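So you can see what is in the structure, the chains are spelled out below.
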Amino acid sequence: MTDIEDAGRQLAEAIKGYSADYIEARLEQSQRSYITYRGKELESVGQATAVGGNVRALVRGGWGFVSFNSLSDLPRRIELAVKQATLVGKEESKLAPVEPVVDTVATEKDSPLTIPLAEKKQLLDEYNDIIWRTPKLQTSVIAYADSHKKTIFLSSLGSSIQQQRSDISLRLSAVAAEDGDVQQVGLSLGSRGDFSAIQGLHQPVEEMAKHAIALLSAPQVRGGEYTVVLDPVLAGVFVHEAFGHLSESDFVYENDRLREIMVLGRKFGSPELNIVDTAAMPGLRGSYKYDDEGVPATKTYLIREGELVGRLHSRETAAKMNEAPTGNARAISYLFPPIVRMTNTYIEPSKTSFDEIIADIKEGVYAKNWFGGTTSMEMFTFSAGEAYMIRNGKVAEALRPVMLTGNVFTTLNNIDAIGNDLDMNQGGGCGKAGQMPLPVSNGSPHIRIRKCLVGGK
Amino acid sequence: MENVLAQAKKVAEEAEVFMVSSEETPVQFEANRLKHIQSKQSTSMALRIIKQGRIGYATTTEVGDVQNLVNNAVETAQFGMRAKFELPSPTTYPQIDIFDPAVESTPVEKMVELGAELIAIVTGHTPDILCEAMVSKDTISLRILNSRGGQASYKKSIFSLGIMGSLIRDTDMLFVGESQSSCHPLTHPREVTEVVLQQLELAKNQASVLTRELPVILTPRGVASALIPSLMMAFNGKTVLEGASPIGGKLGKQVFDPKLWLWDDPTIAYRPHSRPCDDEGIPSQRTSLIEQGVVASFLYDLQTAALAKTRSTGNSGRGGGLPTPSPSAFTIAPGQTPFDEMVSDIKEGLVIEQLMGAEQGNILGGDFSGNVLLGYKVESGKIVGRVKDTMVSGNVYQVLKEVTAIGSEAEWVGGFLQTPPIYCPRLSVASKGLR
C-alpha cells in the first residue's frame, strides 16, 4: 500500500506556491473488512483498501474542491481547486481564526484489522447459532464491519496533523414470519476499534430473536397522541434528530429567518433540560482530537436549563455568525468536503428514576431501541425497535414497533421528566448531504414526553 | 486488469475483475448564491475469485497494487460462501444508448448559468424563499473481465439538475424541491421548477385533519417515499430465497389490484439507471414483476439465481461489496384516471408528496408510517392547503390490494422510478388533536 506521508510532504510544499485566501489538503489511507450473514450461512466476506485525497481552496468566499485517488500530479489538483474557487468567489472570505497545529495522534487501540478473520467469524457464528436456536425464526442478518484510517491534514496556515482512527460496527437482526406477516427486531453496536465491545452479547442476541417471534402475535398501537417514555437508546436518537441537526450552523448561518428563530436565549424546554455535543470525550465513536479543518474538539452546550446557548460550527459558519469555532467540521472520507456535523450528543441526566417516570401514566407507550430517524429541521420522525403499552404505571403488553413524530418547537417543551440513568449508544451512523454513515454516538437517560404523536392503525 | 486476472488465475479456479472509474463535476448553490464547484475523480477495482469452491472478494483504489488485492481475496476465500454459479462466457449485449459526449463537454460556466436560472425562477415566484441548487455532470466507465473469457464494458454520461427551497415563516417551515437527471445535458430549468412552483402554490394555505381513516392520493414522489422501499425489498430474489418476502410464495398469484403493472427496466435509452449489462456482465433485460396484479417474477443475480434454481435476470449490483440482486429502475404502468379527476372524486382526504421516515419502519413486512413532510388536504374535490404535524400509516400489501385508481400521467422520480399517482381508498391518518 502506498504511504501517504511522502505525498503529504510534497503537498505541504506545493500549497505554498499557490495564492488563495485559504487552501487545505487531506490525504487518507484506509483498510476495511466486513463479514455478513444472511440466514444460517455466511453470505459475504471481503476486504478493501483505499488511498485518496482532496484539495479545498477558498477565494473571495467561493469554494473549489477536488478529490482524487491517484496521488500523481498533486500540483495540478491544487491549481484546479483554486481555479474553481476563483470562478465562484465574488464576496469576502470569512473563516474564524485558529492557531496552526502540528501534531500526530495515534489510535487508542490496535487496528481491528489485526484480529484474524477466523476469530471474528467465530464470534459471529456463536451469535448466529443463538439466533437460529429460536423456533419459528424465518431468517436473520448479521453485518459486521471494521476499519482503520490514517489521515494527514495540511493547510496554508501551516497546520500539519496526522490522525488515526479505528471503528467497529455490528448490526444484527432477526426476522420472524407467519402467514405472510413479517416482523423484525434489530440490535446495533459499535466501538472505537475495541473488539471486546461486541463480545459477550449472547443474552441480548437471544432476547432479540425471541422478541421477533413475540411480535407476530403483538397488536399494533392505535395512531394518535400519547404520553411516551423513551429508553436511553431511543432518547439518544430523539435528541440527535429533534434538536442536534437544527443546531448545525450550516443550516442557519446564511438564513436570516432561521437565525431569528434560533436566537441564543430562546426557550426550548424545561429548566431540567441540558443538551451537549462533544468530540472531546475520549473513546466514543464520535470522538476526535481535531476536526477535518484542523480545529481542536470542544464540549458545546446546545441547551442549558432549557435555553438555547450554543451551536455547532465550522470555521466559516463561526466567522459568519461571530461565534467561536467548535471543531465540528467533519468529512466522511476524502471524497467529500467537511461540513458541520454532530459528534457525541446527549441529554444530561437528572434525578428521576425509571419507576417514578412511569408511575403516574394511566395509558402510554414505552418505546425502546432504535430503528431509524430523520428530520426536516422543524418536524422529525424516529422509529422504535421495540414498544410496549404502559398501563396504570406499569409496563404492559408488547406492541409492534412504533414510529413517533414531533415538532421541535413543541416536543422538547413537552419533556416533563428526565431520568438519572444516562447511557451512550455507539450503534448509530448519521447521514447528511450524501455523507453517510458517519460514526457518531447519542445518549440520554430515560425521558418522558407528553402528547407525542404516534403512527398506527 | 488483464494482469490482475492473470495473477488471480494462478491461485484460484475462477476469477473476475471489475473496474469502475468516474469523473464528476457538481456545481452547488446555497442560500440562493453560487457556493461550491467540485471535481471528483475516482477509480476502484474489485476482484472476485472462486478458490476451492468458495468465493473470495477484495477491492482497492490502488489499481497498481495487484499482489495485495489478490492476497486479500485469497484470504477471504477461506471463509467465503460456496459458489453455485458460473461466470458468463463471451456473449452479445443489447445496444443501449447511455452516453452523450455533450455532457462531458458542457462548460462549468454553462452549469453555473443553469443553476442561477433555477434559482431566479423560484425566487421570482416566491421572493423570500432560500434555495439550494445543484447542477452536476458525471462520466462513468465500467469494465468487467472474467476467467471464462467473458468481457463487457460501457461508458455512461449523467447530467442532473436539482433545486430545494425552504420557506420559513415564524416557526413554520415549508420545504419544496425537485430534481431531474438524464444521459443528455438538461438545458430546460423550467421543467424542474414547474414542479416546485406548483408545490408552492398548493402549500400557500394551511389546513388540518383529525385522526381517522381517509382516502389518499400518493403523487409520484409520494409513491416513491411510501411504497417503493418495501416493493424493492419484496421483489429482491435474495429476500424471496430466505422466505422473508411476503410475496415470495405467491408467484403467479393475484396479490395486487388488477390495475397494477410493475416492471424493472434497465434498457430505456438515455436514462441514468440504464446499462447494457449488469455488474456481473449479464445482458440487461426488462423484467416483468407485476402483471394485472399477479406476481410475475423476482430479481436475481448469478449466485442467488443458482441457489433459487432459476436464472439471473441481469440485476446484479455492487454497493462496494459483493454483487447482490438490485433493481435498476422500476416502472409502474400508467392507468386511466387524470390526477385532477382523482382529486375531484374526494370529499375529504389527502394528497401526499413526501412522507418522511416511511422507510424506517418494518419495510420487510410492508408497513410504512411517516410524517407528512409535504402534503395537502382535499375538501369537496379541491386541494385547500397544506397539512403538517400529521402521520400517515399503512401496509403496502393491504394498500395495493385494492386501489381506487391509477393515474394517467407517469413521471420519473429520482432516476430510479417512473410512476403515475396512485389513489388509495383509505389510509390511517394520525394528527394532533382528537383520537
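Residues numbered from 1 in each chain as written. Chains lettered and ligands numbered in written order. Predicted model: local features only at pLDDT ≥ 70, side-chain atom pairs only at ≥ 80, totals over all residues.

Draft legend 1. Fine view of the overall build of chain B. Within chain B, the secondary structure is distributed over 11 helices and 21 strands. When each of the 435 residues of chain B is scored for burial, the buried share is 54%. Relative to all contacts within chain B whose residues are 6 or more apart in sequence, the contacts with residues 24 or more apart total 71%. (Helix = DSSP H or I, 4+ residues; strand = E, 2+ residues; numbered from the N terminus. Buried ≥ 20, exposed ≤ 12 C-beta atoms within 10 Å, placed from the backbone. Contact = placed C-beta atoms within 7 Å.)

Draft legend 2. Structural detail: the packing of helix H4 (residues 108-125) of chain B against helix H5 (residues 189-202) of chain B. Residue and element names in this part refer to chain B. Interhelical geometry of H4 versus H5 gives an angle of 25 degrees and a closest axis separation of 10 Å. The orientation of H4 relative to H5 falls into the category roughly parallel. The handedness of the crossing between H4 and H5 comes out as right-handed. Residues Leu114, Glu117, Leu118, Ile121, Val122 and His125 of H4 form the contact with H5, whose own contacting residues are Pro189, Arg190, Val192, Thr193, Val196, Leu197 and Leu200. The class makeup of the residues in the contact of H4 with H5 is 9 nonpolar, 2 polar and 2 charged. (Axes fitted to C-alpha atoms, helices over the stretch in contact; angles between N-to-C directions. Parallel < 35°, antiparallel > 145°, perpendicular 65-115°, else oblique. Left-handed = near helix turned anticlockwise from the far one by under 90°. Nonpolar A, V, L, I, M, F, W, Y, C, P; charged D, E, K, R; others polar.)

Draft legend 3. Layout of helix H3 (residues 117-132) of chain A. Residue and element names in this part refer to chain A. In this model, H3 (16 residues) spans 22 Å end to end at C-alpha, consistent with the 22 Å of a helix rising 1.5 Å per residue. Looking at H3, one finds that the buried residues are Lys120, Tyr127, Asn128, Ile130 and Ile131. Along the long axis of H3, the arc covered by the buried residues comes to 160 degrees, so they all point the same way. Seen from the open side of H3, the exposed residues pointing more than 90 degrees away from its buried face are Ala118, Glu119, Gln122 and Asp129. (Expected span 1.5 Å × (residues − 1). Arc of directions from axis to C-beta.)

Draft legend 4. Main features of the interface of chain A and chain B. Taken together, the contacts link 69 residues of chain A with 59 residues of chain B. With 12 residues, the single largest contributor to the side of chain A that touches chain B is strand E2 (residues 41-59) of chain A. Here the side of chain A that touches chain B is built from residues that sort into 29 nonpolar, 30 polar and 10 charged. Taken together, the 3 bridges between E2 of chain A and strand E3 (residues 54-60) of chain B define a ladder with parallel strand orientation. Paired with Gln47 of chain A across the strands is Ala58 of chain B, a residue of E3 of chain B. (Pairing = 2+ DSSP bridges.)

Draft legend 5. Representation of the sheet that holds strand E10 (residues 294-295) of chain B. Residues and elements named next belong to chain B. Pairing is mixed across the open sheet formed by 6 strands, whose spatial order is E10-E9-E8-E13-E20-E19. Looking at strand neighbours, the two that pair on one side only are E10 and strand E19 (411-413), the edges of this open sheet. Where strand E8 (residues 262-264) lies against strand E13 (residues 330-332), 3 bridges are found, and the strand directions are antiparallel. Counted as the bridge partner of Trp263 is Thr331 from E13.

Draft legend 6. Up close: the sheet that holds strand E20 (residues 423-425) of chain A. All names here are of chain A. Taken in spatial order, the 6 strands line up as E11-E10-E9-E14-E23-E20 in an open sheet, and their pairing is mixed. Of all the strands in the sheet, just strand E11 (307-308) and E20 have a single pairing partner and so form its edges. In the sheet, strand E14 (residues 344-347) pairs with strand E23 (residues 441-444) via 3 bridges, with the strands oriented parallel. For Thr345, the partnering residue across the bridge sits in E23 and is Asn442. Contacts from helix H5 (residues 232-244) reach strand E9 (275-278), strand E10 (299-304), E14, E20 and E23 within the one sheet, and its direction differs from that of E23 by about 110 degrees.

Draft legend 7. The packing of helix H1 (residues 4-15) of chain A against helix H2 (residues 74-88) of chain A, seen in detail. Residues and elements named next belong to chain A. Closest axis-to-axis distance for the H1/H2 pair is 9 Å, and the angle between their directions is 45 degrees. One element, H1, and the other, H2, form an angle in the oblique class. Note on packing geometry: the crossing formed by H1 with H2 is right-handed. When H1 is examined against H2, the residues Ala7, Gln10, Leu11, Ala14 and Ile15 are found in contact with a partner set consisting of Leu74, Pro75 and Ile78. Residue composition of the contact of H1 with H2, grouped by class: 7 nonpolar, 1 polar and no charged.

Draft legend 8. Looking closely at the domain arrangement of chain B. Residues and elements named next belong to chain B. Each assigned domain of chain B is listed here: domain 1 (2-200) and domain 2 (205-435). Computed from C-alpha atoms alone, the centre-to-centre distance between domain 1 and domain 2 is 24 Å. At the junction of the two partners, domain 1 supplies 28 residues and domain 2 supplies 25 residues. When contributions to the side of domain 1 that touches domain 2 are tallied by element, the ones reaching two or more residues are strand E2 (33-51), strand E4 (130-146), strand E5 (151-169) and strand E6 (172-182). Looking at the side of domain 1 that touches domain 2, its residues break down into 17 nonpolar, 7 polar and 4 charged. (Domains from an automatic or database assignment.)

Draft legend 9. Structural detail: the domain arrangement of chain A. All names here are of chain A. With domains assigned, chain A is organised as domain 1 (4-216) and domain 2 (224-454). Domain 1 and domain 2 are separated by 22 Å when their C-alpha centres are compared. Taken together, the 33 residues of domain 1 in the interface contact 30 residues of domain 2. For the side of domain 1 that touches domain 2, the secondary structure elements donating two or more residues are strand E1 (22-38), E2, strand E3 (62-68), strand E5 (137-155), strand E6 (160-178), strand E7 (181-191) and helix H4 (202-216). If you tally residues by element for the side of domain 1 that touches domain 2, the top one is E7, at 6 residues.

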